[in-house]
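# Structure at a glance
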Amino acid sequence: MLSLRETLKSVENSVKAGYKNGAWFPHKSAEGGTRTIAYGHKLSQKEEDGNYVKLPNGDIVDFSQRGLTEQEAEMLLDDDISTHRQVAAKQWNATQDVDFESLSPIHQAVLSEIAFNLGTLRNKKGGWGWPSLAKGIKNDDPEVIKKEMMRSYTDAKGKKHQLVSRVNSLRDVVDSYYEDPTSVSLEGFTPAEKTVQTPQTTAPVNLPTGFPEQFVAMLDEAVKASQSRSQAVSEPSTEPATEEPAETEETSQFNPELEAFIRGA
C-alpha cells in the first residue's frame, strides 16, 4: 500500500541528512534560516540558539549531549503533520465556502501537505494563495489538482527552485488514490477513524423446563397474598392496639413452595 506519510518522509529527507551513528542531528536548511532535523522539522529560533529541540511530549533533547532517536523523529513528524493539518483547515475555512472536513480525504491531505511544506496556505499579502488549486478541489478534478500542486522555494542565496521531484512523488499518491482509494494510506493527514465498540453479551442461563411459567404463577400468588395483608392493615381497626411480636424467619409470610422451587432449580 502506498503511504503518503512514507512518501513525505522520503521527499523531506531521502538522503538522511543529519543522521549520524544511529541518531538524528540538525542540518542546514536549503532555504536558510534555522536548521532542520530529521523529516522536515525546522527548529525555532529559541531552539536554534539553545541547540536543542522540544518534543511533543515536553522532553528536551540537548544536541550537545545526543541526537534524536528514530522514535523521537517520528514523533516530531506526526506532530508536525497534525499541526499543519489544523493550519490548512483553519485557512481553508476562513476563505472558502466549503467546509474543510467535508472535503475528500485526498483533498484534505493535499492541502495539509502543502501547509507542512510551506508553513502556510496564504500568500505574502495574507490572502488565500492557491485559488486554482481550490477550484480544482471543489470540482474534484485530479488533473487540475496535480497541476496546481507545483510549488517552489528560494534558497539561502536567493535563487528560486521548483520542487519537481517532490511534487511528482505526491502526484503519484493522488493518481493512486483516484484509481483505488483503498490502495493509499493517508494516515495522519485525515481524522482517525472512530472505533465502534461491540457490546458484550452474556451467555443465556439454562433454566429447568417450565420454570418461567411456574415461577411467575408462584410470584403472582405471593404478590396477591402481600396485597391482601396490605389492605387489611390499611383499613381502620376497632380492636385495641396491641404490640405485635417481631417477625422471625419462622413467622415470615414467604411462600415455602416458591422457596423450595427456587432452591430445587
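The preceding data block contains the structure.
Here's what I pulled together on the structure shown here. These numbers come from a predicted model, not from an experiment.

Considering the arrangement of structural elements, one finds His-41 in strand 5 (residues 41-42). Residues His-41 and Asp-80 lie 39 residues apart in sequence; the distance between their C-alpha atoms is 7.3 Å. Apart from residues lying up to four places away in sequence, His-41 is in contact with Arg-35, Thr-36, Glu-47, Val-53, Leu-76 and Asp-80. Only 2.7 Å separates the side chain of His-41 from the side chain of Asp-80, close enough to count as a polar contact.

Turning next to the pattern of salt bridges. Tallied over the full model, the rule gives 15 salt bridges. Residues Glu-72 and Arg-66 are paired through a salt bridge, measuring 2.9 Å at the closest nitrogen-oxygen approach. For Glu-113, the salt bridge is made with Arg-151, and the minimal N-O distance between the two is 2.9 Å. Residue Glu-113 is located in helix 4 (residues 105-118), and its partner Arg-151 is located in the loop between helix 6 (142-148) and strand 8 (152-154); the two are separated by 38 residues in the primary sequence. We classify Arg-151 as buried; its relative accessible area is 5%. Through salt bridges with shared partners, one network takes in Arg-5, Glu-6, Lys-9, Glu-74 and Asp-78.

Among the residues making up helix 1 (residues 4-13), those that are buried are Leu-4, Arg-5, Thr-7, Leu-8, Lys-9 and Asn-13. Contacts from the buried residues of helix 1 go to strand 1 (2-3), strand 3 (23-24), helix 3 (70-95), helix 4, helix 7 (164-179) and strand 10 (184-185). The distance from a side-chain oxygen at the start of helix 1 to the backbone nitrogen of Arg-5 is 3.3 Å, and the residue carrying that oxygen is Ser-3.

Once that is clear, we can look at the nonpolar core. One finds Leu-68 and Leu-111 to be the most contacted residues of the largest nonpolar core, which totals 45 residues. Where this core is concerned, the elements lending two or more residues are helix 1, helix 3, helix 4, helix 5 (131-138) and helix 7.

With that out of the way, let us pick up the side chain of His-27. With respect to the secondary-structure elements, His-27 resides in the loop between strand 3 and strand 4 (36-37). What makes His-27 buried here is its relative accessible area of 19%. Engagement of the side chain of His-27 in a polar contact is seen with the backbone oxygen of Ala-17, the distance being 3.3 Å. Not counting the four nearest positions on each side in its chain, His-27 is found in contact with Asn-13, Ala-17, Gly-18, Arg-35, Thr-36, Ile-37 and Ala-38.

Aromatic ring pairs are defined here through the distance separating the ring centres and the angle between the ring planes. The full count for this structure, using the stated rule, is three aromatic pairs. Ring centres of Trp-92 and Trp-128 lie 5.6 Å apart, and the angle between their planes is 80°; on these two criteria the pair is classed as edge-to-face. Here Trp-92, found in helix 3, pairs with Trp-128, found in the loop between helix 4 and helix 5; they are 36 residues apart in sequence, far enough to count as distant. By the burial criterion, Trp-92 is buried, and Trp-128 matches it. Every member of this aromatic cluster is reached through a ring pair, and the members are Tyr-19, Trp-24 and Tyr-39. Sitting above the plane of the Tyr-19 ring, Lys-16 keeps its charged end 4.6 Å from the centroid.

Conventions we followed
Residues numbered from 1 in each chain as written. Predicted model: local features only at pLDDT ≥ 70, side-chain atom pairs only at ≥ 80, totals over all residues. Heavy atoms only, no water. Helix = DSSP H or I, 4+ residues; strand = E, 2+ residues; numbered from the N terminus. Contact = heavy atoms within 4.5 Å. Polar contact = N/O pair within 3.5 Å; in protein donor to acceptor, adjacent residues only side chain to side chain. Salt bridge = Lys/Arg side-chain N within 4 Å of Asp/Glu carboxyl O. Buried < 20%, exposed > 50% of the residue type's maximum accessible area, 1.4 Å probe, protein only. Core = buried A, V, L, I, M, F, W, Y, C linked by side-chain atoms within 4.5 Å. Phe/Tyr/Trp six-rings, centres within 6.5 Å; stacked < 30°, edge-to-face > 60°. Lys NZ or Arg CZ within 6 Å of the ring centre and 35° of its normal.

Fair warning: the whole summary comes from geometry, so function is off the table for now.
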